[in-house]
Amino acid sequence: MANLKEIRNRITSVQSTMQITSAMKMVSAAKLKKAQDAITAMRPYAEKLTELLQSVSATLEGDAGGEYTFQRQINKVLVVAITSNRGLCGAFNTNVIKQAKLVADSYAGKQVDIFAIGKKGNDVLRKTNTVIANKSEIFDNLTFENVAEIADALTEKFITGEYDKIEVVYNQFKNAATQIVQTEQFLPLAPIQSDKPVSTGDYIFEPSKEEIVLTLIPKSLKTQLYKSIRDSFASEHGARMTAMHKATDNATELRNQLKLTYNKARQAAITNEILEIVGGAEALKG
């Protein structure tokens, strides 16, 4: 059994860890509220924009999406992996990295490159895959304008034929304890699938419907990527808050066990001292 000093040092160390994890939990909870409000407020806009694009596209004939919907033979694929810049958030980053590798492996014999958004994904994926860029600084100032620049760069890579397909892998925020790994096709635009009937009212379009669609598509792509990054950002704080909550609980349990061990060891030491004193007194009498 460890001596009393070693147990006291371990109790002190565990209590220090508890203070750190508890503080990180509270910080993540505060950041989560803001991030959750942002993604919750954005989703209706993104869904309405998709609905509008679907409504207008449904009234057009032929290939209305132009170069954004052009289907080429897939030889070069770009996977956009959205992770975080910091760890201590459970399996948040691991799940995205694992899914990005699965997506890359599914294109056997093709050229598959990684476009990393987040330091953690970049550090791991660059060891096994070709990472062409890392935009981890986006989380320092997460605005639509900054994300739009990334979306424009990705769109340019597809339009120029540098890549035949672009997919996005990220964590979708459901709640603080649940994040769902999603793989979405960014380009080319896939046909919009919906069970709801499309409203095709008698409208007068100015400019033409074709021009409206070609104007909406870039806006929709930027919004889609921004929503994905916002989802990932909220998921990160939710995952970190949950991980720190569990870590604090585990540290509390370990501290209680150490205190029990300390008390038992202290009691045993006191008992031994009493026995030694009694034994000594008996020896003197004899």
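All values reported here derive from a predicted model rather than from experimental measurement.

1. A short note on the overall build of the chain
Now for step 1: Along the chain, the regular secondary structure elements total 5 helices and 5 strands.
Now for step 2: Sequence-ordered secondary structure for the chain, helices as α and strands as β, is α-β-α-β-α-β-α-β-β-α.
Now for step 3: Here the chain has a C-alpha radius of gyration of 29 Å; the compact-globule value for 286 residues is 19 Å, and the former is much larger.
Now for step 4: By its C-alpha atoms, the chain is 115 × 40 × 35 Å across when sized along the principal axes.
Now for step 5: Split into buried and exposed, the 286 residues of the chain put 38% on the buried side.
Now for step 6: Within the chain, contacts between residues at least 6 apart in sequence are counted, and of these 78% link residues at least 24 apart.
Now for step 7: In the form shown here, the chain has an accessible surface area of approximately 16,200 Å², with 53% of it arising from carbon and sulfur atoms.
Now for step 8: Seen as two clouds, the 36 positive and the 32 negative side-chain charges of the chain have centres 11 Å apart.

2. Concerning helix 2 (residues 92-106)
Now for step 1: With 15 residues, helix 2 extends 22 Å between its outermost C-alpha atoms, agreeing within 8% with the 21 Å of an ideal straight helix rising 1.5 Å per residue.
Now for step 2: Lining the buried residues of helix 2 we find strand 1 (76-82), strand 2 (111-117), helix 3 (119-125), strand 4 (165-175), strand 5 (178-187) and helix 5 (209-285).

3. Remarks on the pairing of strand 5
Taken residue by residue, a regular strand's side chains alternate between the two faces of the sheet.
Now for step 1: With 9 bridges joining them, strand 4 and strand 5 adopt antiparallel strand pairing. If you follow Glu167 over to strand 5, its bridge partner there is Gln185.
Now for step 2: Here strand 4 folds back onto strand 5, and the loop between the two strands holds 2 residues.

4. Some details on a nonpolar patch on the surface
Now for step 1: Taken together, the side chains of Ile270, Ile274 and Val278 present a nonpolar region at the surface, about 250 Å² in accessible area.
Now for step 2: Here Val278 lies in helix 5.

5. Topic: the packing of helix 4 (residues 144-159) against helix 5
Now for step 1: It is at 9 Å that the axes of helix 4 and helix 5 come closest, and there the two elements cross at 120 degrees. When the axes of helix 4 and helix 5 are compared, the crossing they make is right-handed. Between helix 4 and helix 5, the contacting residues are Phe144, Val147, Ala148, Ile150, Ala151, Asp152, Leu154 and Thr155 on the first element and Lys219, Leu221, Lys222, Thr223, Leu225, Tyr226 and Ile229 on the second.
Now for step 2: Of the residues contributing to the contact of helix 4 with helix 5, the split by class is 10 nonpolar, 2 polar and 3 charged.

6. Topic: the packing of aromatic side chains
Now for step 1: Considering all chains together, one arrives at 2 aromatic pairs under this definition.
Now for step 2: The interplanar angle of 15 degrees and the centroid separation of 6.0 Å between the aromatic rings of Phe139 and Phe233 together place this pair among those described as stacked. One end of the pair, Phe139, is in the loop between strand 3 (130-134) and helix 4; the other, Phe233, is in helix 5, and 94 residues separate them in sequence.
Now for step 3: With a centroid separation of 5.5 Å and an interplanar angle of 90 degrees, the aromatic rings of Phe144 and Tyr226 are classed as edge-to-face. With a gap of 82 residues between them, Phe144 in helix 4 and Tyr226 in helix 5 connect regions that are remote in the sequence.
Now for step 4: For Phe144, a relative accessible area of 22% translates into the label partly exposed.
Now for step 5: For Tyr226, a relative accessible area of 13% translates into the label buried.

7. Comments concerning unusual backbone geometry
Now for step 1: In the segment running from Leu187 into Pro188, the intervening peptide bond is cis, with an omega of -5 degrees.
Now for step 2: Here Pro188 is to be found in the loop between strand 5 and helix 5.
Now for step 3: Within the chain, Leu88 stands out as a residue other than glycine whose phi angle is a positive 60 degrees.
Now for step 4: Looking at the secondary structure, you find Leu88 in the loop between strand 1 and helix 2.

8. Comments concerning the pairing of strand 3
Now for step 1: Inspection of the sheet shows strand 2 paired to strand 3 by 4 bridges, in the parallel sense. Across the sheet, the residue bridging to Ile114 is Val131, located in strand 3.
Now for step 2: The parallel pair strand 2 and strand 3 is bridged by helix 3, and the resulting crossover is right-handed.

9. Considerations on the sheet that holds strand 2
Now for step 1: Read across the open sheet, the 5 strands follow the order 3-2-1-4-5; overall the sheet is mixed. Of all the strands in the sheet, the pair left with one neighbour each is strand 3 and strand 5. Within this sheet the neighbouring strands show an average axis-to-axis angle of 25 degrees, counted without direction.
Now for step 2: Seen against the sheet, helix 2 touches strand 1, strand 2, strand 4 and strand 5 and runs at an angle of roughly 150 degrees to strand 4.
Now for step 3: Running at roughly 45 degrees to strand 5, helix 4 makes contact with strand 1, strand 2, strand 3, strand 4 and strand 5 of the sheet.

10. Focus: the nonpolar core
Now for step 1: Among the nonpolar cores identified, the biggest contains 40 residues, and Ile117, Leu154 and Phe186 are the most heavily contacted of them.
Now for step 2: Here this core gets 10 residues from one element, more than from any other, and that element is helix 5.
Now for step 3: The next biggest cluster of nonpolar side chains, apart from the first, holds 13 residues, and it includes Ala81, Ala100, Val112 and Leu125.

Calculation notes
- Residues numbered from 1 in each chain as written.
- Predicted model: local features only at pLDDT ≥ 70, side-chain atom pairs only at ≥ 80, totals over all residues.
- Heavy atoms only, no water.
- Helix = DSSP H or I, 4+ residues; strand = E, 2+ residues; numbered from the N terminus.
- Rg over C-alpha atoms; globule rule 2.2 N^0.38 Å.
- Buried < 20%, exposed > 50% of the residue type's maximum accessible area, 1.4 Å probe, protein only.
- Contact = heavy atoms within 4.5 Å.
- Areas by Shrake-Rupley, 256 points an atom, 1.4 Å probe, with all protein chains shown as cover.
- Lys, Arg positive; Asp, Glu negative; His and termini not counted.
- Charge placed at Lys NZ, Arg CZ, Asp CG, Glu CD.
- Expected span 1.5 Å × (residues − 1).
- Pairing = 2+ DSSP bridges.
- Patch = residues over 30% accessible without salt bridge, like charges linked within 9 Å, V, L, I, M, F, W, Y side chains within 5 Å.
- Salt bridge = Lys/Arg side-chain N within 4 Å of Asp/Glu carboxyl O.
- Axes fitted to C-alpha atoms, helices over the stretch in contact; angles between N-to-C directions.
- Left-handed = near helix turned anticlockwise from the far one by under 90°.
- Nonpolar A, V, L, I, M, F, W, Y, C, P; charged D, E, K, R; others polar.
- Phe/Tyr/Trp six-rings, centres within 6.5 Å; stacked < 30°, edge-to-face > 60°.
- Right-handed = clockwise from strand over helix to strand, strands pointing away.
- Core = buried A, V, L, I, M, F, W, Y, C linked by side-chain atoms within 4.5 Å.

Just geometry here; none of it tells us what the structure is for.
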